[in-house]
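If you want the building blocks of each chain, they are given just below.
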Amino acid sequence: MSEAAEMEQNPPSSSAAAVLLQSAIAAIPEGEERAEQLQMTQAVEHAFSAKQHLAVQGPTGVGKSIAYLIPAILGALSGSRTVIVTSSKALQDQLASVELPFLRRVLDQPFTYSVLKGRSNYVCEAAVAEVRVQLGGAGQQGLDLGPQDSLGDVDLSDAELRDEVLEILDWAEGSATGDMAELPITPHWKAWSAVSVGPGECVGASKCSYASDCKSEQARAAAEDAEIVVVNAHLYGAHIQTGGTLLPAHNQLVIDEAHEFEDSIVGSLSIELTEGRLSNLARVHDRCVAAEDKVSGSLRSAGAMLEACMDGIAGSGTVRLTSGLGEDLAAAVSTAAVAADRALNSLRAAAKHAGESTAKHRIERSVRIAESVVDDTQSLLGKLGKGTVLWVEPTRNYRHVLRLTRIDVADTLRSQAWAEKALTVVCCSATLDSGTASRLGLEAEYLSVPSPFNFRDQAVLFVPKIHRPTHPDWAEEVAQEVEHVIRALSGRTLALFTSNRMLRSTVDLCRERLEGFTLLAQGDAPNPVLQDQFLNDEHASLFATASFWTGISSPGPTCSAVILDKIPFPVPTDPIVQARCEVVGDAAFMEVSVPAAGMQLAQGVGRLIRTATDRGVVVVCDPRLAEAQYRNRILDLLPPMRRVRNREFLDQFIRDLELD
Ligand code: SF4
């Protein structure tokens, strides 16, 4: 029997973690001791002390963050440093502003913690100085840099942007952290990029005369001193990619929402080249080395050549390049590489002759931008190795993008992150299958903590007897199901769709048929606004796509139904999905697509029951969930709700909720 399984049967009753957990729960008004939380915290404590990787599936309601933070605090007391990786910056901020201060207060344990984000999240003092100079000179020229390199196309003669930049400058003067999350406004990305730098642009503290006031450097220094460091998956990916240079040494790692970590790492390992990136470098170059217009001219024509070539290959679709760039695209990328190299040399020469001034900083930041274009074009020109995927795809902003990434995440993590370090890794998520850890290159114990909720009484899973999604009548049938549930529950419904097209057609039909109901639709207003409206109006219903499958929590009757249009299989034409399937071969559907769909479906379903008193229905408008051979592989990943296909039962369950 594995150690985790043994612990599951015979949990030690009074470990140090158990004692601290008891104190923490006692300090929460109406806090309840939960056996599931105790089981998880002890398993994490044991994993850290035995230096054994652990993967924990901990359903909603277990209280996962407290369960892993307590062993991290215990580690701090014995000289360990734990890095906590969250899936988003919002979760980072939540741990730092809620859970960690609470535990420090109530446990009376002397531990230190800090939050660290990527450079572009902090105000850059060098960029601020440059903007101030520009604004002082009426700001007619603008910074005019591009989003790939994070400074953005900022035309300070645009009154709205200029006002936002001024507001940020005011705030920055009094901000202790310079962290964008603390800004009282949500600025346009162009305004923020005028006062910040991306990781590729910062000249480095040793070369920067603003380093002593640099908020990003201060956050790094705080992380060096902290025993618990909270980062997001993107920053951890960058840490791995840069050979472990961004974070302080640590011997314990917790990956929260670990089911998303593989994709985050794939994103961190990817390279992109666009016409916009080359013309951005041309603009940057023009601003620093005005006389060298031949250099920027060649960058612009290389960009146009690249775009024309990508358009010829991909048009409006995505095309994977399984045999490499091909003659024409290789020629375009080579031309770009040569032009970028010339720009780099010209910028380096300019940097040598610049005195100590904001102009020197601008040139040095531009050197970094040119270096990253040179590096990336060289990587694109390299041989397409095993585990790499290359493709061209159309994008909203840049017409086409050439992308290169690695999908051999397990090998990369094994060799670059886990191998040489005495690092113990704990992965956890509400939806984690037993294969997640091995996909991350870890040999880990697997523990599935039971849910503290009674799903059989609290929820019903209803699969209507309708056509499959490929049938022409299916979309109309889905609209009828949604209409039926919204009427029966007087709103209170979250309808989740796998495509924007399906969302729009369903909400349009429902709006015609459900007069007087509040039907909110993603795209009609910013997501946070829609979320607030849904949470604050119990009778509202929300129609949404991808981001709401995971990002919304609405305890109570506000969300009494979650409707999912169909099983969210990964898009088979996605180059990364294709490449992952090729690695697995004939079993790809069962080993790649079905588990991915099951975990995504479980995330959507997980929006329904958030507390022990919540009750409601899940409707999946896809009969394959009740009929297909693979159905049990997916159903096993869902909470143990009562499963029905009988509409009478569903209607009776809804009536029994006794909602007005
Ligand atoms: S070190 Fe200098 S250039 Fe880098 S982020 Fe800090 S202030 Fe900006």
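To be clear, the structure that these remarks concern was listed above.
### Regarding the side chain of Arg607
Line of reasoning, step 1. With respect to the helices, strands and loops of the structure, Arg607 is situated in the loop between α24 (588-605) and β17 (616-620).
Line of reasoning, step 2. Although Arg607 is buried, it forms no salt bridge, and the closest oppositely charged side chain is Glu257 at an N-O distance of 6.8 Å.
Line of reasoning, step 3. A distance of 3.0 Å separates a polar side-chain atom of Arg607 from the backbone oxygen of Gln603.
Line of reasoning, step 4. Once you skip the residues sitting within four places of it in the chain, Arg607 turns out to touch Leu494, Leu496, Phe548, Trp549, Thr550, Ile552, Ser554, Cys559 and Val562.

### Brief notes about unusual backbone geometry
Line of reasoning, step 1. You will see that Asp108, though not glycine, has its phi angle at about 55°, which is positive.
Line of reasoning, step 2. Counting through the fold element by element, Asp108 comes out in the loop between α5 (89-107) and β3 (113-115).
Line of reasoning, step 3. Among the residues examined, Asp108 registers a relative accessible area of 67% and is labelled exposed.
Line of reasoning, step 4. Non-glycine residue Arg492 carries a positive phi angle of around 55°.

### Things to note about the packing of aromatic side chains
Line of reasoning, step 1. Per the counting criterion, the structure on display carries eight aromatic pairs.
Line of reasoning, step 2. For the ring pair Tyr236 and Phe261, a centre distance of 6.4 Å and an interplane angle of 50° mean the geometry is tilted. One end of the pair, Tyr236, is in helix α10 (residues 233-241); the other, Phe261, is in helix α11 (residues 261-268), and 25 residues separate them in sequence. Judged on exposure class, the residue Tyr236 and its partner Phe261 are both buried.
Line of reasoning, step 3. Taken together, the ring pairs in this structure connect Phe569, Phe589 and Tyr630 into an aromatic cluster.

### A closer look at the pairing of β17
Line of reasoning, step 1. Buried residues dominate β17, accounting for five of its five residues.
Line of reasoning, step 2. Alternating positions in β17 separate into two faces, Gly616, Val618 and Val620 on one and Val617 and Val619 on the other, with burial throughout.
Line of reasoning, step 3. In the sheet, strand β16 (residues 561-564) pairs with β17 via four bridges, with the strands oriented parallel. Among the inter-strand pairings, Ala561 is bridged to a residue of β17, identified as Val617.

### A closer look at the pairing of strand β9 (residues 399-406)
Line of reasoning, step 1. The buried fraction of β9 amounts to six of the eight residues, a majority that puts the element mostly inside the structure.
Line of reasoning, step 2. By the bridge criterion, three bridges tie strand β6 (residues 271-273) to β9 in an arrangement that is antiparallel. Bridge assignment links Ile271 to a residue of β9, and that residue is Leu404.
Line of reasoning, step 3. Taken together, the eight bridges between strand β8 (residues 388-395) and β9 define a ladder with antiparallel strand orientation.

### Description of the site of the ligand
Line of reasoning, step 1. Taken together, Arg119, Cys124, Glu125, Ala126, Val197, Cys202, Cys208 and Cys214 form the complete shell of residues around the ligand.
Line of reasoning, step 2. The site holding the ligand turns out to be the largest cavity.

### Examining the nonpolar core
The nonpolar side chains of a soluble globular protein tend to be buried, and buried together.
Line of reasoning, step 1. Within the largest apolar cluster, 40 residues are counted, with the highest numbers of intra-cluster contacts made by Leu281, Leu299, Leu306, Leu329, Val333, Leu380 and Leu402.
Line of reasoning, step 2. Looking at this core, the elements that each hand over two or more residues are β6, α12 (275-288), α13 (293-314), α14 (326-353), α15 (358-381), β8 and β9.
Line of reasoning, step 3. Sorting elements by how many residues they give to this core places α14 first, with eleven residues.

### Considering the packing of helix α2 (residues 16-26) against helix α4 (residues 64-77)
Line of reasoning, step 1. Between α2 and α4, the shortest axis-to-axis distance is 10 Å and the interhelical angle comes to 120°. One finds that α2 runs oblique with respect to α4. Along this stretch, α2 crosses α4, giving a crossing that reads as right-handed. The segment α2 lies against α4, with Ala16, Ala17, Leu20, Leu21 and Ala24 engaging Ile66, Ile70 and Leu74.
Line of reasoning, step 2. When its residues are assigned to classes, the contact of α2 with α4 shows eight nonpolar, no polar and no charged.

### Section: the environment of Leu169
Line of reasoning, step 1. With respect to the secondary-structure elements, Leu169 resides in helix α7 (residues 159-174).
Line of reasoning, step 2. Put simply, Leu169 and Pro639 are 470 residues apart on the chain and 49 Å apart in space, counted from C-alpha to C-alpha.
Line of reasoning, step 3. Beyond its immediate stretch of four places on either side in the chain, Leu169 contacts Val128, Val131, Arg132, Leu135 and Val195.

### Quick notes on the packing of α2 against helix α3 (residues 35-50)
Angle between the axes and distance between the axes are the two parameters that describe a pair of packed helices.
Line of reasoning, step 1. Contact geometry of α2 with α3 gives a least axis separation of 9 Å together with a crossing angle of 140°. Relative to α3, α2 is oriented oblique. In the crossing of α2 with α3, the sense of the turn from one axis to the other is right-handed. From α2, Ala16, Ala17, Ala18, Leu21 and Ile25 reach across to α3, where they touch Gln37, Leu38, Thr41, Gln42 and Glu45.

### Topic: the sheet that holds strand β11 (residues 445-448)
Line of reasoning, step 1. Pairing in this open sheet of seven strands is parallel, and the strands run β3-β4-β2-β5-β10-β1-β11 from one edge to the other. Edge positions in the open sheet fall to β3 and β11, since each of these has one partner strand only. Sheet twist, expressed as the average angle between the axes of neighbouring strands with direction ignored, equals 15°.
Line of reasoning, step 2. Here four bridges tie strand β1 (residues 54-57) to β11, and the two strands are oriented parallel to one another. Across the sheet, residue Gln57 finds its bridge partner in β11, namely Ser448.
Line of reasoning, step 3. Contacting β2 (82-86), β4 (228-232), β5 (252-255) and β10 (424-429), α4 crosses the sheet at an angle of about 175° to β5.

### Things to note about α10
Note on helix geometry: an α-helix contains 3.6 residues per turn, so any two residues three or four positions apart are oriented the same way.
Line of reasoning, step 1. Inspection of α10 places Ala233, Leu235, Tyr236, Gly237, His239 and Ile240 among the buried residues, and these make up the whole buried set.
Line of reasoning, step 2. On its buried face, α10 is in contact with β2, β4, β5, α11 and α16 (409-418).
Line of reasoning, step 3. The positive-phi residue at the C-terminal boundary of α10 is Gly243, with phi of around 75°.

### Quick notes on the environment of Leu496
Line of reasoning, step 1. Here Leu496 lies in strand β13 (residues 493-496).
Line of reasoning, step 2. Discounting chain neighbours no more than four positions away, the residues touching Leu496 are Ala544, Phe548, Trp549, Val562, Ile563, Leu564, Asp565, Gly604 and Arg607.

### Let's talk about the pattern of salt bridges
Line of reasoning, step 1. On inspection of all chains with the given rule, the structure shows 33 salt bridges.
Line of reasoning, step 2. Ionic pairing is found between Asp376 and Arg277, a salt bridge with its closest N-O pair at 2.9 Å. Taken together, the residues span a long stretch of sequence, with Asp376 in helix α15 and Arg277 in helix α12 at a distance of 99 residues.
Line of reasoning, step 3. You can call Asp376 buried: its relative accessible area is 15%.
Line of reasoning, step 4. Its salt-bridge partner being Arg624, residue Asp622 comes within 2.7 Å of it at the nearest N-O pair.
Line of reasoning, step 5. Asp622 sits in the buried class, given a relative accessible area of 0%.
Line of reasoning, step 6. We classify Arg624 as buried; its relative accessible area is 18%.
Line of reasoning, step 7. One connected set of salt bridges, linked through shared partners, spans Glu262, Asp263, Asp433, Arg439 and Arg580.

Parameters at a glance
- Residues numbered from 1 in each chain as written.
- Predicted model: local features only at pLDDT ≥ 70, side-chain atom pairs only at ≥ 80, totals over all residues.
- Heavy atoms only, no water.
- Helix = DSSP H or I, 4+ residues; strand = E, 2+ residues; numbered from the N terminus.
- Buried < 20%, exposed > 50% of the residue type's maximum accessible area, 1.4 Å probe, protein only.
- Lys, Arg positive; Asp, Glu negative; His and termini not counted.
- Salt bridge = Lys/Arg side-chain N within 4 Å of Asp/Glu carboxyl O.
- Polar contact = N/O pair within 3.5 Å; in protein donor to acceptor, adjacent residues only side chain to side chain.
- Contact = heavy atoms within 4.5 Å.
- Phe/Tyr/Trp six-rings, centres within 6.5 Å; stacked < 30°, edge-to-face > 60°.
- Pairing = 2+ DSSP bridges.
- Near = heavy atom within 4 Å.
- 1 Å grid on protein atoms, 1.4 Å probe; cavity = no way out; pocket = protein on both sides within 12 Å on 5 of 7 lines; lining within 4 Å.
- Sits in = over half its atoms within 2 Å of the grid points.
- Core = buried A, V, L, I, M, F, W, Y, C linked by side-chain atoms within 4.5 Å.
- Axes fitted to C-alpha atoms, helices over the stretch in contact; angles between N-to-C directions.
- Parallel < 35°, antiparallel > 145°, perpendicular 65-115°, else oblique.
- Left-handed = near helix turned anticlockwise from the far one by under 90°.
- Nonpolar A, V, L, I, M, F, W, Y, C, P; charged D, E, K, R; others polar.

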